[in-house]
Amino acid sequence: MTNPFADRDVISTLDFTKEEIEYLLDVAVKMEDIAKYGSKILANKILGSIFLEPSTRTRLSFDAAMKHLGGQVIGFADWDKSSIKKGETLSDTFRVVENYADVLVIRSEWEGAAKYAAEILNIPVINAGSGAQEHPTQSFLDLMTIRQERGKLDGLTIGVCGDLMYGRTVHSLLPLLMNYDVKLVLISPSQLHIRKEDKVMLETRNVQFTEVESLESVLPSLDVLYMTRMQRERFRSEEEYLRMKGFYVLTKNVLKNGKPDLLIMHPLPRINEIDPDVDKLPQAVYFKQPKYGLLLRIALLALIFDAL
Ligand code: NCD
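Residues numbered from 1 in each chain as written. Predicted model: local features only at pLDDT ≥ 70, side-chain atom pairs only at ≥ 80, totals over all residues. Heavy atoms only, no water.

S.K.: Explain the packing of helix H3 (residues 57-68) against helix H12 (residues 289-304) here, please?
M.R.: Helix packing for two helices is described by the angle between their axes and how far apart those axes are. Look at H3 against H12: their axes get within 8 Å of each other, and the N-to-C directions meet at 50°. Considered as vectors, H3 and H12 are oriented oblique to each other. Crossing of H3 over H12 shows right-handed handedness. Note on element contacts: H12 touches H3 through Pro 290, Leu 294, Arg 297, Ile 298 and Leu 301, opposite Arg 57, Thr 58, Ser 61, Phe 62, Ala 64, Ala 65, Met 66 and His 68. Broken down by class, the residue content of the contact of H3 with H12 amounts to eight nonpolar, three polar and two charged. (Axes fitted to C-alpha atoms, helices over the stretch in contact; angles between N-to-C directions. Helix = DSSP H or I, 4+ residues; strand = E, 2+ residues; numbered from the N terminus. Parallel < 35°, antiparallel > 145°, perpendicular 65-115°, else oblique. Left-handed = near helix turned anticlockwise from the far one by under 90°. Contact = heavy atoms within 4.5 Å. Nonpolar A, V, L, I, M, F, W, Y, C, P; charged D, E, K, R; others polar.)

S.K.: Please explain the domain arrangement of the protein as it appears in this structure.
M.R.: Much of the literature gives interface size as the accessible area that the parts lose upon coming together. When the domains of the protein are assigned, the result is domain 1 (13-135 + 291-304) and domain 2 (136-289). The C-alpha centroid of domain 2 is placed 25 Å from the C-alpha centroid of domain 1. The partner domain 2 presents 31 residues to the 32 residues of domain 1 that form the contact. Regarding the contact of domain 1 and domain 2, the summed buried area is about 2,800 Å², with carbon and sulfur atoms giving 60% of it. Summed over the three residues of domain 1 that lose the most area to domain 2, namely Thr 13, His 135 and Tyr 292, the buried surface amounts to 28% of that side. Applying the counting criterion to the domain 1 and domain 2 interface returns three salt bridges. In this structure, Glu 53 and Arg 234 form a salt bridge, with 3.1 Å as the shortest nitrogen-oxygen distance. At the surface where domain 1 touches domain 2, the tally comes to 21 residue pairs in polar contact (both at pLDDT 80 or more). Going through the elements one at a time, helix H1 (18-28), H3, strand S3 (103-108), strand S4 (125-130) and H12 are the ones with two or more residues in the side of domain 1 that touches domain 2. Of the residues in the side of domain 1 that touches domain 2, the class split is 14 nonpolar, nine polar and nine charged. (Domains from an automatic or database assignment. Buried area = accessible area lost by both parts, 1.4 Å probe. Salt bridge = Lys/Arg side-chain N within 4 Å of Asp/Glu carboxyl O. Polar contact = N/O pair within 3.5 Å; in protein donor to acceptor, adjacent residues only side chain to side chain.)

S.K.: Quick question: what am I supposed to make of the site of the ligand here?
M.R.: In the vicinity of the ligand, the contacting residues are Arg 57, Thr 58, Arg 107, His 135, Gln 138, Arg 168, Thr 169, Arg 229, Gln 231, Pro 267, Leu 268 and Pro 269. Arg 107 is positioned such that a nitrogen or oxygen atom in its side chain is 3.1 Å from an oxygen atom of the ligand. Here an oxygen atom of the ligand and a side-chain polar atom of Arg 168 are 2.7 Å apart. Out of a free accessible area of 320 Å², the ligand has 93% covered by protein chains. (Near = heavy atom within 4 Å. Areas by Shrake-Rupley, 256 points an atom, 1.4 Å probe, with all protein chains shown as cover.)

S.K.: Please explain the sheet that holds strand S9 (residues 263-265) as it appears in this structure.
M.R.: Adjacent strands of a sheet pair through backbone hydrogen bonds, lying either parallel or antiparallel. Read across the sheet, five strands follow the order S7-S6-S5-S8-S9 without closing on themselves; strand pairing throughout is parallel. Only two strands of the sheet have a single neighbouring strand rather than two, namely strand S7 (208-212) and S9. Here the average twist between neighbouring strands, direction ignored, is 15°. With three bridges joining them, strand S8 (residues 224-227) and S9 adopt parallel strand pairing. Paired with Tyr 226 across the strands is Met 265, a residue of S9. The strands touched by helix H6 (residues 136-150) within the sheet are strand S5 (157-161), S8 and S9, with S9 carrying the most contacts at an inclination of about 165°. (Pairing = 2+ DSSP bridges.)

Here it is in C-alpha cells:
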C-alpha cells in the first residue's frame, strides 16, 4: 500500500479504512528508534498547535513527536493571550497561522472546528479533540495499545465504561473497533448511554454489543476494560455532574472477579474512577498508553509529510 496519510487531514476515525489504520499502526511500532535517538526528517517543517481547551498528553506528545522528528512547534495553549481574546474569529486565526505552519493541530470545545479548518486551509489539519465529538489520534493509540498488549483484536470482549455520551474518545474508538470481530459491552448510567447515531452505526455494521449499567455484573466476561471519566465540562449543570461523579470506581476488590489478564485502559485524565491501588497491577496499562501515543504521533506526522 502506498502511504495513505500523505498530505491528509485527520478529522474523524470514520474517514479511515481498516487497512489504512493498520498501516499507521504498523509504522508506529517501528518508531522506537526515532523516539529514542531523534531524527532530522522533518527538519524544515513547523507544526502549528492551537489548543483552546485544557490538554496535557495530547499537546505535549504532538510537541515531543515533532521535535523527535527534527521539526519545530509554534502555537498557544493559553488562548486567552492570543487575539481570540480580542474577539478575532477562529476562522481568521486559522487563516493567519496557515502562513507560519506546515501542519495544524487543533483542539477546541466546538464540534466541527477542526473539520472547518480542514475545509478552509491548504495545509493538513489534525483534530486533537472537537468538543464531545471526536479525538481520532487518541483512539488510534488506544487501538494500538490493545493490539500491542493483547497481540490481537479479533475475538476480544471489550468493555467501555463511564460517560459514553459526552466522551469523545469513545465516539472515535467505536468506529475503529467495529472493523474487528469484537464483542462490545457498553457500561454507563442510563443517562449517559452512547448517542443514538453511534447505536445506529453499530447496528448497521452488525456489531455485537450490549448496554448495561452495572460494571460488576459484566466484569468477569471482559478481556479489555476501557474506563473513562465523567466529562464534567460538558454536563448541562454542575448538579447533574455531581450526581454522576463516583458512579464507577474500579478498585482491586472489584477486579477480583475479572479475568487475570484483563487489560485495564483509560485515556486519562483519571479523576476518581480508578483507585490508585490498581496502578500497580501489571494489567493496568493506562500509563503505557501515553508512550504508544508518542510513537503513534511520530508515525502520523512522518507519514503526513511522506518523510519515511
Ligand atoms: C481525553 C480528551 O481530551 O478527550 N484526554 C486525552 O486527550 N487523553 C479524555 C478526557 O478528557 O476525558
